[in-house]
Amino acid sequence: MSQIIDLRSDTVTRPTPEMRAAMAAAEVGDDVYGEDPTVNLLERRAAEIFGREAALFVPSGTMGNEIAIRLLTQPGQEVIAESHAHILDFEMATTAIFSGCLIRAVPAEDGILTWQQIEPALVPQGGFRAPTGLIEIENTHNLRGGVCTPLSVLEEIWDNAKQRKLPLHCDGARIFNAAVALNCDVKTLTRGFDTVMFCLSKGLGAPVGSMLAGSAERMARARILRKCLGGGMRQAGVLAAAGLVALEEGPKRLANDHANARLLAEALSNTEGVSIDAASVETNIVIFRLLTGSGAAELAARLKKRGVLVGALGRDAIRVVTHRDVSRSECIDAAEALAEEIEALIVSKSAS
């Protein structure tokens, strides 16, 4: 292949010409003083879209999540999350370090955490165990193949958590993907959460940045916590300008990514030696397992030589993620390369 097909993540997209033009023309100021007009505009627009009083521009989704956890908890509490949640697997134990809280992992085989699974894990205030301080929902769920938590499931969680006066945070890194797949706007899909984080730099295509949205009082406190974590970015309007383009234009084309992911999933479902539930692929993430029980890293290395980049998850799983910078025809080429290299891997393992 003459061109690299990068399916490792939707974070690898390059800024569009429109983003680059907006960045070059951006009006800037010192955002730590609250004086960057482009950042201020991005924050107002994000708050408006999500039906919130305020929003805060942060460098990363991890920072947004961890600020939210600090806002909504007290040290010595537990945070309930799905057992493969991003805050548990990929945020470097920051919940413990920064908020003094323990994550209580609750497994949901399909990645959709329900109230029936959450309720038994709740711990009341008492003298023997760390009490539950927060419930966190990741929508879509990265390591569960980009599955979406439906509105009906969320509404039950919101209602029951409210009755118990438990706050809720949404890791909505890919919430716009969920909104497209569920045909439900992001305001409705997140209305019951106290805070919501979403990424500009994933499917929406911005080069960097995420947003945290909530009440004006909480976002004022979040600004202080962002500074604690080194997130004061000064003349950040050059980044916010690309974020504005991503926020307005990115959601319109996410359905294309979902269709390309389904194409890859269907091709893989017809490939010998692969375990995948193609029907469960709702958004832009496809995870499959090798029936050999190992070889994920070797397969990724073989594909790299063919110009296709994928992510190995442990010994036997591979993740591919579709995005704006990979076309339909490139996904077809990638599917062919996957099938051929999986077959070659099986032959090599049989020979050994």
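Engineer: I keep staring at the nonpolar core and nothing clicks. Help me out?
Structural biologist: Most often, soluble globular proteins have nonpolar side chains that are buried together. Grouped together as the largest cluster of nonpolar side chains are 53 residues, with contacts concentrated most on I118, I135, I175, F176, F198 and L200. Discounting residues that sit within four places of it in the chain, I175 has contacts with F50, N139, C170, V186, L189, T190 and F198.

Engineer: How should I be thinking about the pattern of salt bridges in this particular structure?
Structural biologist: Oppositely charged side chains may form a pair once their charged atoms are brought near each other. Under the criterion given, the structure shown has 22 salt bridges. R174 is the partner of D10 in a salt bridge, and the nearest nitrogen-oxygen pair spans 2.8 Å. Of this pair, D10 sits in the loop between β1 (5–6) and α1 (17–25) while R174 is found in the loop between β6 (168–171) and α8 (175–182), placing the two residues 164 residues apart along the sequence. Using a relative accessible area of 5% as the deciding quantity, one classes R174 as buried.

Engineer: Looking at this model, I keep getting lost on the packing of α8 against helix α12 (residues 254–269). Mind explaining?
Structural biologist: Geometry of a packed helix pair, given as the angle between the helix axes and the separation of the axes. At their nearest, the axes of α8 and α12 sit 10 Å apart, and the two run at 80° to each other. When the interaxial angle is binned, α8 and α12 end up roughly perpendicular. The residues of α12 that touch α8, namely those facing F176, N177, V180 and A181, are L254, A255 and H258. The residue makeup of the contact of α8 with α12, split by class, is five nonpolar, two polar and no charged.

Engineer: Even after reading the chapter, I still don't get the pairing of strand β2 (residues 54–58), so can you show me in this structure?
Structural biologist: Every regular strand shows the same layout, with side chains that alternate between the two sheet faces. Burial of β2 is extensive: five of the five residues sit out of reach of the surface. Burial along β2 is two-sided: A54, L56 and V58 facing one way and A55 and F57 facing the other are all buried. Relative to strand β8 (residues 210–214), β2 is paired through five bridges, and the arrangement is antiparallel. Paired with A55 across the bridge in β8 is A213.

Engineer: Help me understand unusual backbone geometry in this model?
Structural biologist: It is generally the case that most residues other than glycine have a negative phi and that most peptide bonds are trans. Across the junction of N139 and T140, the peptide omega takes the value 5°, indicating a cis bond. Along the chain, T140 falls in the loop between β5 (132–138) and α7 (151–163). In this structure, K165 takes a positive phi of about 55° despite not being glycine. Secondary-structure assignment places K165 in the loop between α7 and β6. Of the residues examined, K165 reaches a relative accessible area of 76% and is grouped as exposed.

Engineer: Explanation requested: the sheet that holds β5 in the structure shown.
Structural biologist: Strands in a sheet are paired, the pairing made by backbone hydrogen bonds, and the direction either parallel or antiparallel. Spatial ordering of the open sheet is given by β2-β8-β7-β6-β5-β3-β4, a layout of seven strands whose pairing is mixed. Bordering the open sheet on either side are β2 and β4 (102–106), each of which pairs with just one other strand. Strand-to-strand twist in this sheet, taken as the mean axis angle between neighbours without regard to direction, amounts to 20°. Note that strand β3 (residues 78–82) and β4 share five bridges and pair parallel. From the neighbouring strand, I80 faces β4, where its bridge partner is R104.

Engineer: When you look at the pairing of strand β7 (residues 195–199) in this model, what are you seeing that I'm missing?
Structural biologist: The element β7 is largely enclosed, with a buried count of five among its five residues. Alternating residues of β7 divide into T195, M197 and C199 and V196 and F198, and every residue in both groups is buried. Inspection of the sheet shows β6 paired to β7 by three bridges, in the parallel sense. Each residue of the ladder has a partner; that of D171, found in β7, is M197. Pairing of β7 with β8 involves four bridges; the strand directions are antiparallel. Looking at β8, one finds that V196 is bridged to A213.

Engineer: How should helix α10 (residues 216–228) be read in this particular structure?
Structural biologist: What sets the pattern is the α-helix's 3.6 residues per turn: residues three or four places apart point alike. Spanning 13 residues, α10 covers 19 Å between terminal C-alpha atoms, matching the ideal 18 Å at 1.5 Å per step. Three or more residues of α10 are buried, namely M219, A222, L225 and R226. Angularly, the buried residues of α10 cover 110° about the axis, an arc narrow enough to put them on a single face. Relative to its buried face, α10 has exposed residues pointing more than 90 degrees away, namely I224 and C228. Close packing links the buried residues of α10 with α2 (37–50), β2, α3 (61–72), α5 (94–99), β7 and β8.

Engineer: Explanation requested: the environment of V106 in the structure shown.
Structural biologist: Topologically, V106 is positioned in strand β4. For V106, a relative accessible area of 8% gives the class buried. V106 sits 26 residues away from I80 along the chain, and the two C-alpha atoms are 6.9 Å apart. Residue contacts for V106: discarding those within four places in its chain leaves I80, A81, E82, S83, L113, Q117 and A121.

Engineer: Mind showing me how you'd approach the packing of aromatic side chains here?
Structural biologist: The way to describe two aromatic rings as a pair is by their centre distance and the angle between their planes. Following the criterion strictly, the structure yields four aromatic pairs and no others. Relative to F198, the ring of F50 lies with its centre 4.7 Å away and its plane at 15°, an arrangement referred to as stacked. With a gap of 148 residues between them, F50 in helix α2 and F198 in strand β7 connect regions that are remote in the sequence. Overall, the relative accessible area of 1% leaves F50 in the buried class. Judged by relative accessible area, which is 0%, F198 ranks as buried. When the ring of W158 is compared with that of F193, the centres are 5.6 Å apart and the planes differ by 80°; the resulting orientation is edge-to-face. Of this pair, W158 sits in helix α7 while F193 sits in the loop between α9 (186–190) and β7, and the two are 35 residues apart along the sequence. A single burial state applies to W158 and to F193, both of which are buried. An aromatic cluster of at least three residues, connected via ring pairs, comprises F50, F176 and F198. Here the basic side chain of R70 rests over the ring of F98, its NZ or CZ set 4.6 Å away from the ring centre.

Thresholds applied
The residue numbering used here restarts from 1 in each chain and proceeds along that chain's sequence as written. Thresholds applied to this predicted model are a pLDDT of at least 70 for local features of residues and 80 or more for the giving and counting of side-chain atom pairs; totals over whole chains, interfaces and linings are not thresholded and use all residues. With hydrogens and water set aside, each side-chain value is computed from the structure's full complement of heavy atoms. Only buried Ala, Val, Leu, Ile, Met, Phe, Trp, Tyr and Cys residues count toward a nonpolar core, and they belong to the same one when joined by side-chain atoms within 4.5 Å. For the exposure calls, accessible area comes from a 1.4 Å probe over protein chains only, and a residue counts as buried if that area is under 20% of its type's maximum, exposed if over 50%, partly exposed in between. Only heavy atoms enter the contact rule, under which two residues are in contact if any of them lie within 4.5 Å. A pair is scored as a salt bridge if a Lys or Arg side-chain nitrogen falls within 4 Å of a carboxyl oxygen belonging to Asp or Glu. Under the DSSP-based scheme used, a helix requires at least four consecutive residues in state H or I and a strand at least two consecutive residues in state E, with every element numbered from the N terminus. Comment: axis = line fitted to C-alpha atoms, over the contacting stretch for helices; angle = value between 0 and 180 degrees taken between N-to-C directions. Orientation is classified from the angle alone, with under 35 degrees giving roughly parallel, over 145 giving roughly antiparallel, 65 to 115 giving roughly perpendicular, and any other angle giving oblique. Gly counts as polar in this scheme, as do all residues outside two lists: the nonpolar Ala, Val, Leu, Ile, Met, Phe, Trp, Tyr, Cys and Pro, and the charged Asp, Glu, Lys and Arg. Any two strands between which DSSP finds at least two bridges are classified as paired. Expected span of a helix: the number of residues minus one, times 1.5 Å. Working definition: the arc comes from the directions between the helix axis and the C-beta atoms, pointing outward to the latter. Here is the rule: rings of Phe, Tyr and Trp (six-membered ring for Trp) pair when centre to centre is within 6.5 Å. Planes less than 30 degrees apart are stacked, more than 60 are edge-to-face, and the remainder are tilted. To sit over a ring, a charge needs its Lys NZ or Arg CZ within 6 Å of the ring centre and within 35 degrees of the ring normal.

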